[in-house]
Amino acid sequence: MKKQKKNNKMTSIFEEAWDFFMYLCKKVKGKIFPKSLLGRFILIILLPLIALQVVAGMVFFENHWHLISRRLAKDIVGEIDTVSYVLDEYPDTVQTLDLLEQLEKKLLLTVSFSKDGQLIFSSNKERSSIVKQLEKALNGLEYPHQIQENLEQDHLLIYVQLKNGVLEVKVPKKRFFSSSTYVFLVWMILASVLLFWIAFLFMKNQVRAITRLSNAAENFGTGRPVQTFKPEGAAEVRQAGMAFLNMQNRISRYLFERTSMLSGVSHDLKTPLTRMKLQLSMTKVEGADDLLQDVEEMEQMLEGYLAFAKGEGKEPVQNMDVADLLTSIVDKLRRQGHDIDLHIEQRQKIALRSNDFSRAITNILMNAHRYAGTAYVNMAVSNGFVDITIDDDGAGIPDDKKEDVFKAFYRLDASRNPKTGGVGLGLTITRDIVLAHGGEISLEDSPQKGLRVRLKFPI
């Protein structure tokens, strides 16, 4: 029972720790984690690589570093033991003096002997890892000894009490280090950088295929040609590219069939309507004028059908100056008697179908002329969009009808009637043109007490 309770307690602690970790991840996710796919790929590669470096470094320093340090310390202690034995057994001989000179030359040890000296033991609080390793190795030395370390100097002082004096040995700290340590670190870092660079190139190539697919979808959505796109990259990305091409073909075929049907039906019906209109104009029976008015209304609706069908054409996209197009449209309508005030804040070139763009602006200005007096056109550039606003001083449109007027053949009873020439397709065609360019259209209340039509085209 006690063991089960202990296990339950450990499980509860682990769950709380995991919940806290997930909470922290959610908090810092949007601030620290990259948003781009390439950035996340790099993070996926970089984090395990750094973790591997840390683990490898810890294992290396825990084993190899201490092992090499112990062996170097034992070598130094062995040399000190040899010198101590010689000085202790053969003092005051020429061979002993020669031995001390050879040690200084070949073993990087500076040795001095104080005859009849006495070792005074003192405590050394500053103990580095080198001193600890050396103390373990000196435990096997038969002679009393003392280590003195100065952290600001590059050597250690080791004092050994012999029978007839004190041996002082100065050991450089560099003798405790092995060059293999630095070689290992350098190779580990270089290998990691090389592997990361190779992985980065592969990931960048995969992300490039996804970016091209995204650009192709964006171009198709705005009506731009995408003939140069072909599926590439990984199998899943190629599959998504093939799905996009199939979707593009289906949508293009559907639009072509709809356009052909609308154009054919409208064109075929115009001939009998013209014949009926001619016969009714020559007939003097009662009710002929009403029938003639109905035929004229049907003729206007067919004209709207044809105009709607023309909006589905394949006019090529060109990089054009919006200000020049607006000026041309406004000048043409002014010559026809329209009162239009044009203001251009900044010029900008964007990809447009000039005829479709002119038709959309003309539809809005014709509505302003028909149901108001003066139209006010303003062009500005902000936040990556060309912002065009068209205001009028008419009666406007009620808020609950502003979305309905975009429906095909929808007309407001108070103002939209066949005698004024409207069949309810002007704003429908305009919205289709704007959306085909990847833009936005909205209806707002105008400062001129009428209607404001806002058009936004991406740069």
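Here the structure is a predicted model, which is why all the values come from computation and not from measurement. (Residues numbered from 1 in each chain as written. Predicted model: local features only at pLDDT ≥ 70, side-chain atom pairs only at ≥ 80, totals over all residues. Heavy atoms only, no water.)

## Topic: the pairing of strand 10 (residues 440-445)
Alignment of strand 10 against strand 11 (residues 451-458), held across six bridges, turns out to be antiparallel. Bridging across to strand 11, isoleucine 441 finds its partner in leucine 455. Hairpin connection of strand 10 to strand 11: five residues between the antiparallel strands, including lysine 449 at a positive phi of 75°. (Pairing = 2+ DSSP bridges. Helix = DSSP H or I, 4+ residues; strand = E, 2+ residues; numbered from the N terminus.)

## Let's talk about the side chain of glutamine 248
Tracing the backbone through its elements, the reader meets glutamine 248 in helix 6 (residues 235-282). For glutamine 248, a relative accessible area of 14% corresponds to the buried category. (Buried < 20%, exposed > 50% of the residue type's maximum accessible area, 1.4 Å probe, protein only.)

## Remarks on the packing of aromatic side chains
Evaluated as defined, the whole model comprises three aromatic pairs. Both rings, one in phenylalanine 229 and one in phenylalanine 244, keep their centres 5.6 Å apart while their planes meet at 85°; by these two values the pair is edge-to-face. Of the two residues, phenylalanine 229 is situated in the loop between helix 5 (179-221) and helix 6 and phenylalanine 244 in helix 6; the sequence distance between them amounts to 15 residues. Taken individually, phenylalanine 229 and phenylalanine 244 each receive the classification buried, so the pair is uniform in this respect. Measuring from centroid to centroid gives 5.5 Å for phenylalanine 357 and phenylalanine 457, while their planes differ by 65°, and the two rings are edge-to-face. Here phenylalanine 457 lies in strand 11 and phenylalanine 357 lies in helix 9 (residues 354-371), a separation of 100 residues in the sequence. (Phe/Tyr/Trp six-rings, centres within 6.5 Å; stacked < 30°, edge-to-face > 60°.)

## Brief notes about unusual backbone geometry
Here asparagine 383, not a glycine, exhibits a phi torsion of approximately 55°, which is positive. Despite not being glycine, lysine 449 has its phi angle at roughly 75°, a positive value. For lysine 449, the location among the structural elements is in the loop between strand 10 and strand 11.

## Some details on the packing of helix 9 against helix 10 (residues 426-436)
Running from N to C, helix 9 and helix 10 point in directions that differ by 145°, and their axes come no closer than 9 Å. By crossing handedness, the relation of helix 9 to helix 10 is classed as left-handed. Contacts between helix 9 and helix 10 involve Asp356, Phe357, Arg359, Ala360, Asn363, Ile364 and Asn367 from the former and Gly426, Leu427, Ile429, Thr430 and Ile433 from the latter. When the residues that make up the contact of helix 9 with helix 10 are grouped by side-chain class, the tally is six nonpolar, four polar and two charged. (Axes fitted to C-alpha atoms, helices over the stretch in contact; angles between N-to-C directions. Left-handed = near helix turned anticlockwise from the far one by under 90°. Contact = heavy atoms within 4.5 Å. Nonpolar A, V, L, I, M, F, W, Y, C, P; charged D, E, K, R; others polar.)

## So, the confidence of the model for the protein
Across the protein, the average pLDDT comes to 76, with 77% of residues at or above 70. Between residues 414-418, whose pLDDT stays under 50, and residues either more than four places distant or in other chains, the model counts ten contacts. (pLDDT = per-residue confidence, 0-100.)

## Some details on the nonpolar core
Counting 33 residues, the largest nonpolar core has Val322, Phe357, Ile361, Leu365, Ile388, Leu455 and Phe457 as the members making the most contacts within it. Elements with a contribution of two residues or more to this core: helix 8 (322-335), strand 7 (349-352), helix 9, strand 8 (374-382), strand 9 (385-392), helix 10, strand 10 and strand 11. Per element, the largest residue contribution to this core is seven residues, and it comes from helix 8. Setting aside residues up to four positions removed in sequence, phenylalanine 357 forms contacts with Val322, Leu325, Leu326, Ile329, Leu352, Ile388, Ile433 and Phe457. Of all hydrophobic cores here, the second largest spans 24 residues; its members include Ala137, Ile147, Val171 and Phe176. (Core = buried A, V, L, I, M, F, W, Y, C linked by side-chain atoms within 4.5 Å.)

## A short note on a positive patch on the surface
A grouping of Arg70, Arg71, Lys74, Lys132 and Lys136 is seen on the molecular surface, where their side chains present a positively charged patch. When residues of the positive patch are traced back to their parent elements, those giving at least two are helix 2 (37-89) and helix 4 (129-138). Residue placement: arginine 71 occurs in helix 2. (Patch = residues over 30% accessible without salt bridge, like charges linked within 9 Å, V, L, I, M, F, W, Y side chains within 5 Å. Areas by Shrake-Rupley, 256 points an atom, 1.4 Å probe, with all protein chains shown as cover. Salt bridge = Lys/Arg side-chain N within 4 Å of Asp/Glu carboxyl O. Lys, Arg positive; Asp, Glu negative; His and termini not counted. Charge placed at Lys NZ, Arg CZ, Asp CG, Glu CD.)

## Quick look at the sheet that holds strand 11
Taken in spatial order, the five strands make up an open sheet running 6-8-9-11-10, and their pairing is mixed. Both outer strands of the open sheet, strand 6 (339-344) and strand 10, are each paired with one neighbouring strand and no more. Sheet twist, expressed as the mean angle between neighbouring strand axes with direction ignored, is 15°. Across seven bridges, the pairing between strand 9 and strand 11 is antiparallel. Paired with isoleucine 388 across the two strands is leucine 455, which belongs to strand 11.

## Observations concerning the sheet that holds strand 2 (residues 145-149)
Read across the open sheet, the four strands follow the order 1-4-3-2; overall the sheet is antiparallel. Each edge of the open sheet is held by one strand with a lone partner, namely strand 1 (110-115) and strand 2. Each neighbouring strand pair of the sheet contributes to a mean axis angle of 20°, computed without reference to strand direction. Strand direction decides the pairing type here: strand 3 (residues 155-162) and strand 4 (residues 165-172), joined by eight bridges, are antiparallel. Its bridge partner being in strand 4, leucine 162 is matched across the sheet by glycine 165.

## Quick look at the environment of serine 442
Locating serine 442 in the fold gives a position in strand 10. Since its relative accessible area comes to 27%, serine 442 is described here as partly exposed. With ten residues separating them along the chain, serine 442 and arginine 452 place their C-alpha atoms 8.3 Å apart. Those residues in contact with serine 442 that lie beyond four places of it in its chain are Arg452, Val453 and Arg454.

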